[in-house]
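Report on the structure
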Amino acid sequence: MATPYLCPACRTNRTKFAVIEQVPQYVKLDPDTGNTVELLDAASIDPLHIPYKGSLRRVQCGVCGLLDDEQTFAATARNHPRGR
Ligand SMILES: [Zn+2]
C-alpha cells in the first residue's frame, strides 16, 4: 500500500525521493577472519539470533538530501496533510 511522504527537514518535498530497500542477510561469521560460514534465511536462524527489527526502507529526500527511515517521512506527511 502506498504511503505519502513529506521530508521532515525541508518540509516542501512530497514527490522526489530515493527509496532504498533494506533486505537483511542473516549470516554466521568466522570470528577470526570475518568470512561467512553460513548464510541463513529468516526462518532458519536460531532462537537466540535476534531477527532484524529495523526499517525495511530508507528514504533520501531528492531536494535537500536528508536520509532517514521511511517511517519518519510517512509520519511527517501524516502530521502535515496537504492543504486543499
Ligand atoms: Zn528534504
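Owing to the predicted nature of the structure, the values given are computational and were not obtained by experimental measurement.

Here's the deal with the coordination of the zinc ion
Within the protein, the zinc ion binds to Cys-7 (SG), Cys-10 (SG), Cys-61 (SG) and Cys-64 (SG); these donor distances fall in the range 2.3 to 2.4 Å. Note that the zinc ion binds four donor atoms; their angles at the metal cover 105 to 122°, and the shape is tetrahedral. A residue is classified by how much of its surface remains accessible, and Cys-64, at 41% relative accessible area, is partly exposed.

What to know about the pattern of salt bridges
Under the definition given, this model contains four salt bridges. Note that Arg-57 and Glu-21 form a salt bridge whose closest N and O atoms lie 3.2 Å from each other. Of the two residues, Arg-57 is situated in strand S4 (residues 57-61) and Glu-21 in strand S1 (residues 17-21); the sequence distance between them amounts to 36 residues. In this structure Arg-57 comes out as partly exposed when scored by relative accessible area, which is 27%. Beyond isolated ion pairs, a larger network of salt bridges with shared partners links Glu-21, Arg-57 and Glu-70.

Focus on the nonpolar core
Formed by Tyr-5, Cys-7, Val-59, Cys-61 and Phe-73, the largest nonpolar core amounts to five residues. In this structure, Val-59 is in contact with Tyr-5, Phe-17, Ala-18, Ile-20, Leu-66, Leu-67, Asp-68, Glu-70 and Phe-73, ignoring residues within four places of it in sequence.

Some details on the pairing of S4
With five bridges joining them, S1 and S4 adopt antiparallel strand pairing. Bridged to Ala-18 within S4 is Gln-60. In terms of strand pairing, S4 meets strand S5 (residues 67-69) through three bridges, oriented antiparallel. Bridge pairing links Gln-60 to Leu-67 in S5. Taking the residues between adjacent antiparallel strands as the criterion, S4 and S5 are bridged by five residues, where Gly-65 takes a positive phi near 90°.

Examining the packing of aromatic side chains
Any aromatic ring pair is given by two values, namely how distant the centres are and how the planes are angled relative to each other. In this structure the tally under the stated criterion is three aromatic pairs. Relative to Phe-17, the ring of Tyr-5 lies with its centre 5.3 Å away and its plane at 90°, an arrangement referred to as edge-to-face. Remark: Phe-17 occurs in strand S1 and Tyr-5 occurs in the segment before S1; sequence separation between them is 12 residues. Tyr-5 gets classed as buried once you look at its relative accessible area, which sits at 11%. Taking 5.7 Å as the distance between ring centres and 85° as the angle between the ring planes, the aromatic pair formed by Phe-17 and Phe-73 counts as edge-to-face. Note that Phe-17 is positioned in strand S1 and Phe-73 in helix H1 (residues 70-79), a separation of 56 residues in sequence. The exposure class assigned to Phe-17 is partly exposed, which follows from its relative accessible area of 23%. A relative accessible area of 0% means that Phe-73 is categorised as buried. Members of the aromatic cluster, joined through ring pairs, are Tyr-5, Phe-17 and Phe-73.

Definitions and cut-offs
- Starting from 1, residues in each chain are numbered consecutively following that chain's sequence as written.
- Since the coordinates come from a predicted model, pLDDT governs what is reported: local features require at least 70, and pairs of side-chain atoms require 80 or more to be given and counted, while whole-chain, interface and lining totals use all residues.
- As a rule here, side-chain values come from all non-hydrogen atoms in the structure, and water together with hydrogens is ignored.
- In this listing, donors mean N, O and S atoms no farther than 2.8 Å from the metal, or 3.2 Å for Na, K and Ca; water is missing from the atoms, so a site can look incomplete.
- Geometry is assigned from donor-metal-donor angles: four donors are tetrahedral when every angle falls between 85 and 135 degrees, four are square planar and six octahedral when opposite donors sit over 155 degrees apart with all other angles between 65 and 115, and any other arrangement is irregular.
- Accessibility here uses a 1.4 Å probe with only protein chains present; expressed as a share of the type maximum, an area under 20% marks a residue as buried, one over 50% as exposed, and anything in between as partly exposed.
- Counted as salt bridges are all cases of a side-chain nitrogen of Lys or Arg within 4 Å of a carboxyl oxygen of Asp or Glu.
- What counts as a helix is a DSSP run of H or I of at least four residues, what counts as a strand is a run of E of at least two, and both are numbered from the N terminus.
- What makes a nonpolar core is a set of buried Ala, Val, Leu, Ile, Met, Phe, Trp, Tyr and Cys residues whose side-chain atoms join them at distances within 4.5 Å.
- Contacts are assigned to residue pairs with any non-hydrogen atoms lying within 4.5 Å of each other.
- If DSSP finds at least two bridges between two strands, the strands pair.
- A pair of Phe, Tyr and Trp rings is counted when the ring centres sit within 6.5 Å of each other, with Trp represented by its six-membered ring. The angle between the planes then sorts it: under 30 degrees is stacked, over 60 is edge-to-face, the rest tilted.

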